[in-house]
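Fold and geometry: a report
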Amino acid sequence: MAPLLALALLCGAASARADSLKPWAGDWLPPLALDRLDGPPIGLDALRGRPVIVHFFATWCAPCIEEMASLNALAVTPAAPAILAVDVGEVEARLRNFFGDRPVSFPILLDRDRAAMKAWKVEGLPTSFVLDRELKPALRTEEPLDWTSPAVAAALATLPPQAASPIQPTREKGETPR
Amino acid sequence: MISRRDMLKTGAAAVAALPAPRLAFAQDVPFAPKPGAWRNFAVTTRLELPATGKAQAWIPLPSVREDEWIKPGRNAWQTNAVSVEVARDPKYGAEMLHVIFKDGETEPSVEVSSRFALRDRAEDLAAKGSVPALGDAERKLYLEATELMPTDGIVKETAEKAAAGKGSDIDKARAIYEWVVANTFRDAKTRGCGTGDVASMLRTGNLSGKCADLNALYVALVRSVGIPARDIYGIRVAPSKFGYKSLGAGSEIVTKAQHCRAEIWLEGYAWVATDPADVRKVVLEEPPGNNAVDTPKVVAARQVLFGAWEGNWLGYNVAHDVALPGSKHKVGFLMYPQAEVAGALLDCLDPDTFKYSIRSAEITA
């Protein structure tokens, strides 16, 4: 039974589930002020004007590894969304080894104490969020996706065009708006 | 594609399809741990850190004392550190040797030797006795969620399905044990002993991993139905005397022999030994490997490891989410030596950047 179940589990983990990219409603984004692996800090504000994928992952998470390759394939396509990959709770040395073997073209942020994971209400890995061009919540998924699939592309294409008066990104509940 | 929910159904069917344990089987020595003579051991851990910045390190010390099966002894160390102290995690009581080296130390090193005594443990689950109730504080501690082990949502939902129709705590705990054995599998590619992110395992349907994944899953599921449970993080220190190559240390070098086990609190029995992850280890690794679930050694392990285990394994501590004293870093559990150089935590699973060795010796004199 074990080999068959193992195969089923691997298939389940690796397959694309475009229908799991679901609407994500909300007025404010949680904060995302994190150090970056081997690079200057980058915040959401700097990415305004493009859709943004915020992807929570860890290198021990088997489905995340395959999904990371698919995100990197998406990142090099024309008019691709910006991507911020947030590693949860791992040491930097481990990430350097991992991305040394599998380089990606987007920033890796470091959620060392899982504070961002909690703020974004991430319950398990991988979890991804899509923000529209105004940095407003748009889509989310708690399943590993093939980000190059036609269905995902179609979902991303439904994001609204940039509005004239963008809103501010996020603040925590109860925080005074800037 | 098979969804997670389909997979859970498959797992439930697989439980029903498993053969009942057989009492008679062909094996050199029956797998029957029983409390008997104590065995004395010393484990020696040596770290040699890179001289690339100010360094500090934390080495786990035996901190579990249970008069039925484990008695920590004295710790001794040699080091060129400028500060050495035995630190104690305030929540769980996990002890560690914390050493700090001076900035510019050219060869930061520390060697720690810990003595302890072990013996087999086995609970007669047919003979419920009268034992003091678990204290309120301990009960709360061993029922609560941790960073990686939520006890609500999908965890509770899964546990309730696994234990459906069971009334007593022992029946619920055993049903969940069987569910974990039937639905998880050991993945040889998992780094170290795994991470134990239980919610991610259940939500993605990827129930593979090693002991820190599979036994953490068991502990979280059991806690979620109101039964106190805890992981014990430790290391194998001797071969199995029952002929299980996969359930013992292969040599005196135990640098990669870390293993965690689980205990559940059952009224009338106190803390009871369990280890569903080791059942999956026997399935995968016991020669010839990739064993069927009805292989006699697998059947025996599955039957015995709910209620008993062999005393060839040191339990360091039961701590989760351990803040390393003097550091901004925190670890999910303290089973490996940890070290920080120039403010960056080293990868305790990368021998190229973090060199350490652990040796075990039985003391017979």
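Keep in mind the model is a prediction, meaning the values are calculated, not measured.

Focus on the overall build of chain A
- Each helix and strand counted, chain A has 5 helices and 7 strands in total.
- Going from the N terminus to the C terminus, chain A shows its helices and strands as α-β-β-β-α-β-α-β-α-β-β-α.
- For chain A, buried positions account for 51% of its 178 residues.
- Intrachain contacts of chain A at a sequence separation of at least 6 include 75% that bridge at least 24 residues.
- For chain A, the exposed area adds up to about 8200 Å²; of that, 56% sits on carbon and sulfur atoms.

Some thoughts on the sheet that holds strand β19 (residues 355–363) of chain B
All names here are of chain B.
- Taken together, 4 strands build an open sheet; the order of strands is β3-β6-β1-β19 and the sheet is antiparallel. Two strands close off the open sheet at either side, each with one partner strand: β3 (70–79) and β19. For this sheet the average axis-to-axis angle between neighbouring strands, irrespective of direction, equals 15°.
- Sheet topology note: the strand β1 (residues 39–48)/strand β6 (residues 109–118) ladder contains 10 bridges and is antiparallel. Its bridge partner lying in β6, asparagine 40 is registered against alanine 117.

Quick notes on the pairing of strand β17 (residues 338–341) of chain B
Residues and elements named next belong to chain B.
- Of the two faces of β17, the one lined by Gln338 and Glu340 and the one lined by Ala339 and Val341 are each fully buried.
- Judged from the 4 bridges that link them, strand β2 (residues 55–61) and β17 form a sheet pairing that is antiparallel. Paired with glutamine 56 across the two strands is glutamate 340, which belongs to β17.
- Of the strand pairs in this sheet, β17 and strand β18 (residues 344–345) are connected by 2 bridges, and their pairing is antiparallel.

A word on the environment of lysine 156 of chain B
Residues and elements named next belong to chain B.
- Its location among the elements puts lysine 156 in helix α3 (residues 153–162).
- On the accessibility criterion, lysine 156 (32% relative accessible area) is partly exposed.
- Spatially, the C-alpha atoms of lysine 156 and arginine 223 are 8.6 Å apart, while their sequence positions differ by 67 residues.
- Ignoring anything within four residues of it in the chain, the contact list for lysine 156 reads Thr151 and Ser224.

So, the packing of α3 of chain B against helix α6 (residues 211–224) of chain B
All names here are of chain B.
- Where α3 contacts α6, the two axes come as close as 8 Å, and the packing angle between them is 80°. Taken together, α3 and α6 sit at an angle that is classed as roughly perpendicular. Contacts between α3 and α6 involve Val155, Lys156, Thr158 and Ala159 on the former and, on the latter, Ala220, Leu221 and Ser224.
- Here the residues of the contact of α3 with α6 sort into 4 nonpolar, 2 polar and 1 charged.

Notes on helix α3 (residues 92–101) of chain A
- Every buried residue of α3 of chain A is accounted for by Glu92, Ala93, Arg94, Leu95, Phe98 and Phe99 of chain A.
- Against the buried residues of α3 of chain A lie β3 (52–57), α2 (62–75), β4 (82–88) and β5 (108–111) of chain A together with β18 of chain B.

Topic: the environment of glycine 248 of chain B
Residues and elements named next belong to chain B.
- Along the polypeptide, glycine 248 turns up in the loop between β10 (229–236) and β11 (258–266).
- A residue is classified by how much of its surface remains accessible, and glycine 248, at 13% relative accessible area, is buried.
- C-alpha of glycine 248 to C-alpha of arginine 236: the two residues are 12 residues apart in sequence and 5.9 Å apart in space.

A look at the state of the cysteines
- One pass over the full model with this rule turns up 1 disulfide over all chains.
- Note that cysteine 61 of chain A is cross-linked by a disulfide to cysteine 64 of chain A, the S-S spacing being 2.2 Å. Torsion about the S-S bond of the cysteine 61 of chain A and cysteine 64 of chain A cystine: about 80°, corresponding to right-handed handedness. Cysteine 64 of chain A matches cysteine 61 of chain A in its accessibility class, with the two residues each being buried.
- With no disulfide of its own, cysteine 348 of chain B lies closest to cysteine 193 of chain B among cysteine sulfurs, the gap being 9.7 Å.
- Residue cysteine 348 of chain B is classed as buried on the basis of its relative accessible area, which comes to 8%.

Some words on the side chain of arginine 230 of chain B
All names here are of chain B.
- Along the chain, arginine 230 turns up in strand β10.
- Here the side chain of arginine 230 touches glutamate 66 through a polar contact of 3.0 Å, side chain to side chain.
- Among the polar contacts listed, one links the side chain of arginine 230 to the side chain of tyrosine 142, at a separation of 3.4 Å.

Observations concerning the pairing of β2 of chain B
Residues and elements named next belong to chain B.
- In terms of residue burial, β2 counts as a mostly covered element, since 7 of its 7 residues are buried.
- Side-chain alternation along β2 places Ala55, Ala57, Ile59 and Leu61 on one buried face and Gln56, Trp58 and Pro60 on a second face that is also buried.
- Bridging between β2 and strand β5 (residues 95–100) involves 6 bridges; their strand directions are antiparallel. Across the sheet, the residue bridging to alanine 57 is valine 99, located in β5.

Reading the values: the criteria
Residues numbered from 1 in each chain as written. Chains lettered and ligands numbered in written order. Predicted model: local features only at pLDDT ≥ 70, side-chain atom pairs only at ≥ 80, totals over all residues. Heavy atoms only, no water. Helix = DSSP H or I, 4+ residues; strand = E, 2+ residues; numbered from the N terminus. Buried < 20%, exposed > 50% of the residue type's maximum accessible area, 1.4 Å probe, protein only. Contact = heavy atoms within 4.5 Å. Areas by Shrake-Rupley, 256 points an atom, 1.4 Å probe, with all protein chains shown as cover. Pairing = 2+ DSSP bridges. Axes fitted to C-alpha atoms, helices over the stretch in contact; angles between N-to-C directions. Parallel < 35°, antiparallel > 145°, perpendicular 65-115°, else oblique. Nonpolar A, V, L, I, M, F, W, Y, C, P; charged D, E, K, R; others polar. Disulfide = S-S within 2.5 Å. Polar contact = N/O pair within 3.5 Å; in protein donor to acceptor, adjacent residues only side chain to side chain.

Purely spatial values, then, with no claim about function.
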